[in-house]
Amino acid sequence: MALIDAQRELLKKELDDIRQAGLFKEERIICAPQGSEIEVSFPIGSEEKRVINMCANNYLGLSSHPDVVEAARKGLDHRGYGMSSVRFICGTQDIHKQLEDKLTEFLGTEDTILFPSCMDANTGVFEAVLSEEDVMIADRLVHASIVDGIRLAKAQQDTFKHSDMKHLEKKLQLHADKRLRVIITDGSFSMDGDLAKLDRIVELAEKYDAMVFLDDSHASGFIGKTGRGTHEHCGVMGKIDIITTTLGKALGGASGGCVSGRREIVELCRQKARPYLFSNTIAPVVVEGALAVLDLISKTTERRDKLEKNTGFWRKGLIEAGFVIKEGETPIVPVMLFNAKLSQDFAKDLFEEGIYAIGFFFPVVAKGQARIRTQLSAAHEMHHLEKALAAFIKVGKKYGILQKTKQEIIEMYGQ
Amino acid sequence: MSDIKDVILEYVLEEYLEEDDDIEVDYDTPLISGGIVDSFSMVSLKRFLETEYDIRIPDAKATPEAFDSVNKIVALIKEFGVE
């Protein structure tokens, strides 16, 4: 027992502080495969309840697709359960190289390296590629994993206001003396669901000799006409120097991520990126599943088209009902409530109505920007969305927020 | 010190607030604990102070607490001889 009572008390106090601040996160136990309808036990130990899932990153509905499950099973039979190794010792199978090649082709890049997760890709890539003489200029709303990656790197760091191209240009001018300048952005921003102005970013990168880094985790597989991502949507395929993305969302939803881009950058990651060098290889079952996903979505755009249709229905329905939403075109649709407690109460009432969605508030989003983040899936059928919309309207009426402006909601509930 | 205060306040408003932000910021408004400046973006504020007043603020002194309001920032840079 190394943990003496006094130390335990310190840790307990920290946990109590988190509870008192209303920031304590509790897991919901799901007793079913991932899908548009799931069985949830919440609070833990309570009876299972069947609910419509409106908060998964399962954009293409492939997490439990029979072809993907079958491919994973085949992978288990042919290549085993685990590799008990990092990639460069004895953890690289033929299928890992196949998956890297397929991702390169899909994303339209020069080369790809797999990581255990996109979190690992983002925390590894900057340190591997950049030095003290370089600068990283990041959009202020990039994902937390990028923030961690930037902190680990030796290069100087700076930020620009969210999607503010004038501010970005000022920062590029300010850092004109650096060896390398890297503009860092998400493709689709996970909390607001808006898309980066990637065409403008590429223009500025060309004007000021900067590289472009894109985390396309919330876009790969469904943004763009053939689902290649934000770079396809913005007409800049082949012009992004570093793309990181995940296999843990639309592309099967299991785990794994990658860095894809310029050959030299990928090779530097193979030589120097610590999460690649010191973490286990992706399990064969996941690799085979991901290969099947890429096959499926390369053959037809049926699933991303259905997702687009579902997104259109959902956004239109919420606006017509009188909700304040963050407008855009992605399947991430935040319903704005502004007040933290209201977002929690609203989510609780939705759960009672058989709808599973989560309220987000500070520090996950800025103060006064509390919301219910809804996410669409190709696995949703129209009857799911109709039921979910009816529930949102019922709860919205209860709190009197329909047809109210942002200011009116803030006056009613505070920020 | 009012000039320095105003220079810093103006920089904070320009650098960190969005056009549609309806937040009022004065000399004592909590910047970091108030969620206006995240610790990640604090770096540009530090560099602005170093360039504007020709000082070097060691990382150990550039804490979120020391940068938490315009008045606290003024107190910090006074330690480096800025008047």
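Engineer: Could you give an account of the interface of chain A and chain B, naming the residues involved and the relevant values?
Structural biologist: If you look at the interface, chain A gives nine residues, while chain B gives six residues. Of the residues belonging to the side of chain A that touches chain B, the class tally is three nonpolar, two polar and four charged.

Engineer: Describe in detail the domain arrangement of chain A, supporting the description with residues and values.
Structural biologist: Residues and elements named next belong to chain A. The domain boundaries assigned to chain A delineate domain 1 (33–63 + 302–413) and domain 2 (66–299). Averaged C-alpha coordinates put domain 1 and domain 2 at centres separated by 28 Å. For the side of domain 1 that touches domain 2, the elements supplying multiple residues, two or more each, are helix 13 (302–321) and strand 11 (332–338). Its residues placed into classes, the side of domain 1 that touches domain 2 shows nine nonpolar, six polar and four charged.

Engineer: Pulling in residues and values, what's your account of the sheet that holds strand 8 (residues 211–215) of chain A?
Structural biologist: All names here are of chain A. Strand order in the open sheet formed by seven strands is 4-10-9-8-7-5-6, with mixed pairing between adjacent strands. This sheet does not close on itself; its edge strands, each paired only once, are strand 4 (111–115) and strand 6 (156–160). Strand-to-strand, the axes of this sheet are offset by a mean angle of 20°, without reference to chain direction. With five bridges joining them, strand 9 (residues 242–246) and strand 10 (residues 257–261) adopt antiparallel strand pairing. Residue pairing across strands places threonine 246 opposite glycine 257, the latter belonging to strand 10.

Engineer: Can you lay out unusual backbone geometry for me, pointing to particular residues and giving the numbers?
Structural biologist: A negative phi angle is the norm for most residues apart from glycine, just as the trans form is the norm for most peptide bonds. Residues and elements named next belong to chain A. For the bond running from phenylalanine 42 to proline 43, omega is -5°, close enough to zero to count as cis. Tracing the chain through its elements places proline 43 in the loop between strand 2 (37–41) and strand 3 (49–53). Even without a glycine there, the phi angle at aspartate 209 is positive, about 50°. With respect to the element layout, aspartate 209 can be found in the loop between helix 8 (198–207) and strand 8. Phi at glutamine 403 takes a positive value of approximately 60°, unusual for a residue other than glycine. For glutamine 403, the location among the structural elements is in the loop between helix 15 (382–398) and helix 16 (406–413).

Engineer: Lay out the environment of A:Phe360 with the relevant residues and their values.
Structural biologist: Residue and element names in this part refer to chain A. Mapped onto the secondary structure, phenylalanine 360 falls in strand 13 (residues 358–360). Here phenylalanine 360 falls in the buried class, since 20 other C-beta atoms lie within 10 Å of it. On a C-alpha basis, the gap between phenylalanine 360 and glycine 35 in space is 22 Å, while along the polypeptide they are 325 residues apart. Apart from the residues within four sequence positions on either side, phenylalanine 360 is in contact with Met191, Ser343, Val365, Ala370, Arg371 and Arg373.

Engineer: Please provide a residue-by-residue account of the nonpolar core, values included.
Structural biologist: Ranked by size, the top nonpolar core spans 113 residues in total, and within it A:Met136, A:Ile137 and A:Ile183 carry the most contacts. In terms of residue count, helix 12 (residues 284–299) of chain A provides more of this core than any other element does, nine residues in total. Counting contributing residues per domain, this core is built from domain 1 (33–63 + 302–413) and domain 2 (66–299) of chain A, each supplying no fewer than three. Ignoring any residue separated from it by four or fewer positions in sequence, one finds A:Met136 in contact with A:Phe126, A:Leu130, A:Ile150, A:Ala153, A:Ala155, A:Gln157, A:Val182 and A:Ile184. Of all hydrophobic cores here, the second largest spans 14 residues; its members include B:Ile8, B:Val12, B:Leu31 and B:Phe67.

Engineer: Could you give an account of the pairing of strand 10 of chain A, naming the residues involved and the relevant values?
Structural biologist: All names here are of chain A. With five of five residues buried, strand 10 is to be regarded as a mostly interior element. By the alternation rule, side chains of strand 10 split into Gly257, Val259 and Gly261 and Cys258 and Ser260, which are all buried. Bridging between strand 4 and strand 10 involves five bridges; their strand directions are antiparallel. The residue bridging aspartate 111 from the neighbouring strand is glycine 261, located in strand 10.

Engineer: Which residues make up the packing of helix 5 (residues 118–129) of chain A against helix 10 (residues 263–272) of chain A, and what values do they have?
Structural biologist: Residues and elements named next belong to chain A. Taken N-terminus to C-terminus, the directions of helix 5 and helix 10 make an angle of 100°; their axes are 9 Å apart at the nearest point. The angle between helix 5 and helix 10 falls in the class roughly perpendicular. In this structure, helix 5 contributes Gly124, Val125, Ala128 and Val129 to the contact, and helix 10 contributes Ile265, Leu268, Cys269 and Lys272. Across the contact of helix 5 with helix 10, the residue classes break down as six nonpolar, one polar and one charged.

Engineer: Run through helix 13 of chain A, naming residues and quoting values.
Structural biologist: Given 3.6 residues per helical turn, the α-helix brings residues three or four places apart onto the same face. All names here are of chain A. Taking 1.5 Å of rise per residue, the 20 residues of helix 13 would be expected to cover 28 Å, and the 29 Å separating its terminal C-alpha atoms lies within 8% of that figure. All buried positions along helix 13 are accounted for by Arg303, Arg304, Leu307, Asn310, Thr311, Trp314, Arg315 and Leu318. Projected down its long axis, helix 13 shows its buried positions confined to an angular sector of 130°, all on one face. When the buried face of helix 13 is taken as reference, the exposed residues oriented beyond 90 degrees from it are Glu302, Lys316 and Glu320. Buried positions along helix 13 lie against helix 12, strand 11 and helix 15. Once helix 13 finishes, glycine 322 follows within two positions and takes phi at roughly 100°, a positive value.

Engineer: How would you summarise the sheet that holds strand 1 (residues 29–30) of chain A if you had to cite specific residues and measurements?
Structural biologist: The strand order 1-2-3-12 (chain A) describes an open sheet built from four strands, whose pairing is mixed. At either margin of the open sheet sits one strand with a lone partner, and together these are strand 1 and strand 12 (355–356) of chain A.

Engineer: Help me get a handle on the pairing of strand 8 of chain A, residues and values and all.
Structural biologist: All names here are of chain A. With five of five residues buried, strand 8 lies mostly within the body of the structure. Burial along strand 8 is two-sided: the residues Met211, Phe213 and Asp215 and Val212 and Leu214 are all buried. Judged from the five bridges that link them, strand 7 (residues 181–186) and strand 8 form a sheet pairing that is parallel. Bridged to threonine 185 within strand 8 is leucine 214. The parallel pair strand 7 and strand 8, bridged by helix 8, forms a crossover whose chirality is right-handed. Looking at chain direction, strand 8 and strand 9 are connected through three bridges and run parallel. Across the sheet, phenylalanine 213 pairs through a bridge with isoleucine 242, a residue of strand 9.

How each quantity is defined
- Residues numbered from 1 in each chain as written.
- Chains lettered and ligands numbered in written order.
- Predicted model: local features only at pLDDT ≥ 70, side-chain atom pairs only at ≥ 80, totals over all residues.
- Contact = placed C-beta atoms within 7 Å.
- Nonpolar A, V, L, I, M, F, W, Y, C, P; charged D, E, K, R; others polar.
- Domains from an automatic or database assignment.
- Helix = DSSP H or I, 4+ residues; strand = E, 2+ residues; numbered from the N terminus.
- Pairing = 2+ DSSP bridges.
- Axes fitted to C-alpha atoms, helices over the stretch in contact; angles between N-to-C directions.
- Buried ≥ 20, exposed ≤ 12 C-beta atoms within 10 Å, placed from the backbone.
- Core = buried A, V, L, I, M, F, W, Y, C linked by C-beta atoms within 7 Å.
- Parallel < 35°, antiparallel > 145°, perpendicular 65-115°, else oblique.
- Expected span 1.5 Å × (residues − 1).
- Arc of directions from axis to C-beta.
- Right-handed = clockwise from strand over helix to strand, strands pointing away.

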